[in-house]
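# Structural overview
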Amino acid sequence: MQIAMPSEGRAHAFHLSVGGNNERTVDLLTQPLASRAAPTSIWSRRFETIEDCEALTIAIAKGKLDPVFLGRLTMVFGSASLDELTDRLITEASLKRAEQLEEVARRARDYLNVNLYRREGKHGRHLLELQRMSSDTAEWSVSYDRAIERDRLCDWLRWQKERFLGFLNHAAEHGNEALARILLDEMFVTERRVKKEGRGAGGTRPLRMWRGD
């Protein structure tokens, strides 16, 4: 398949022709104006990948480069000058793709990274929330009338970091209230164990000095 992108110089028309080798070969063709002679290739390159080839063809299609400029550049300074320009385009495009892939990977990591937050809600409510790093809003939340009730659960929940993702999966399947009940039940079991071992802090927040052991 041939894709021609014609443009005219002072005495020549220049065409960028893409085709052959799975659309990875590009030729810069020139033809004297008003001439019926077959176009002549003044530069040719077989790219290693489609992406490398598109670094040049897309730049031209978007108007960032003009075949006239490329033709004059090549005819005055030789094919090496266009090779150097193309190499820079390939490098820039490769870096951009790498940045895009890293951004996709970062979003994927952030989606799996869940943090615990204590927040103040509307109407004097006190919130405990689980929120993914990839989101601006909490995916799970429980609210209390008193801050000390929220903080009591937080004393236990903050040491369950490795389980946060599983907690969100459970809430998504069974609802926020179902998860809240499970968390409270586990908190009570831990409180009783720590108290029995003589390591509880006493009062309404027996786990406030607990370190998750």
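Residues numbered from 1 in each chain as written. Predicted model: local features only at pLDDT ≥ 70, side-chain atom pairs only at ≥ 80, totals over all residues. Heavy atoms only, no water.

## Section: the nonpolar core
Grouped together as the largest cluster of nonpolar side chains are 22 residues, with contacts concentrated most on Leu130, Trp140, Leu153, Trp156, Leu157, Phe167 and Leu183. Looking at this core, the elements that each hand over two or more residues are β5 (114-120), β6 (126-132), β7 (140-144), α4 (147-157), α5 (164-174) and α6 (176-196). In terms of residues, this core owes the most to one element, α6, which gives five residues. Not counting the four nearest positions on each side in its chain, Leu153 is found in contact with Leu128, Val142, Tyr144, Leu183, Leu184 and Met187. Ranked by size, the runner-up nonpolar core spans 19 residues in total, among them Leu16, Leu56, Leu70 and Ile90. (Core = buried A, V, L, I, M, F, W, Y, C linked by side-chain atoms within 4.5 Å. Buried < 20%, exposed > 50% of the residue type's maximum accessible area, 1.4 Å probe, protein only. Helix = DSSP H or I, 4+ residues; strand = E, 2+ residues; numbered from the N terminus. Contact = heavy atoms within 4.5 Å.)

## A word on the environment of Phe69
Within the secondary structure, Phe69 sits in helix α2 (residues 67-77). Through-space distance from the C-alpha of Phe69 to that of Gly124 is 67 Å; in sequence the pair is 55 residues apart.

## Structural notes on the pattern of salt bridges
Applying the stated criterion across every chain yields a total of 20 salt bridges. Of the charged contacts, one joins Arg109 and Glu102 as a salt bridge, the two residues approaching to 2.9 Å between their closest N and O atoms. Residue Glu102 is classed as partly exposed on the basis of its relative accessible area of 42%. Notably, a salt bridge pairs Arg193 with Glu197, separated by 3.5 Å at the nearest N-O pair. Relative accessible area serves as the criterion here: at 35%, Arg193 is assigned to the partly exposed category. It is possible to trace a salt-bridge network through shared partners that takes in Glu103, Arg106, Arg107 and Asp110. (Salt bridge = Lys/Arg side-chain N within 4 Å of Asp/Glu carboxyl O.)

## Remarks on helix α1 (residues 50-61)
For α1, built from 12 residues, the straight-helix expectation of 16 Å at 1.5 Å per residue is met to within 8% by its first-to-last C-alpha distance of 15 Å. Within the span of α1, buried status applies to Asp52, Cys53, Ala55, Leu56, Thr57, Ala59 and Ile60. With its buried residues spanning 165° around the axis, α1 presents them on a single face. The first or second residue beyond α1 is Gly63, which carries a positive phi of 80°. (Expected span 1.5 Å × (residues − 1). Arc of directions from axis to C-beta.)

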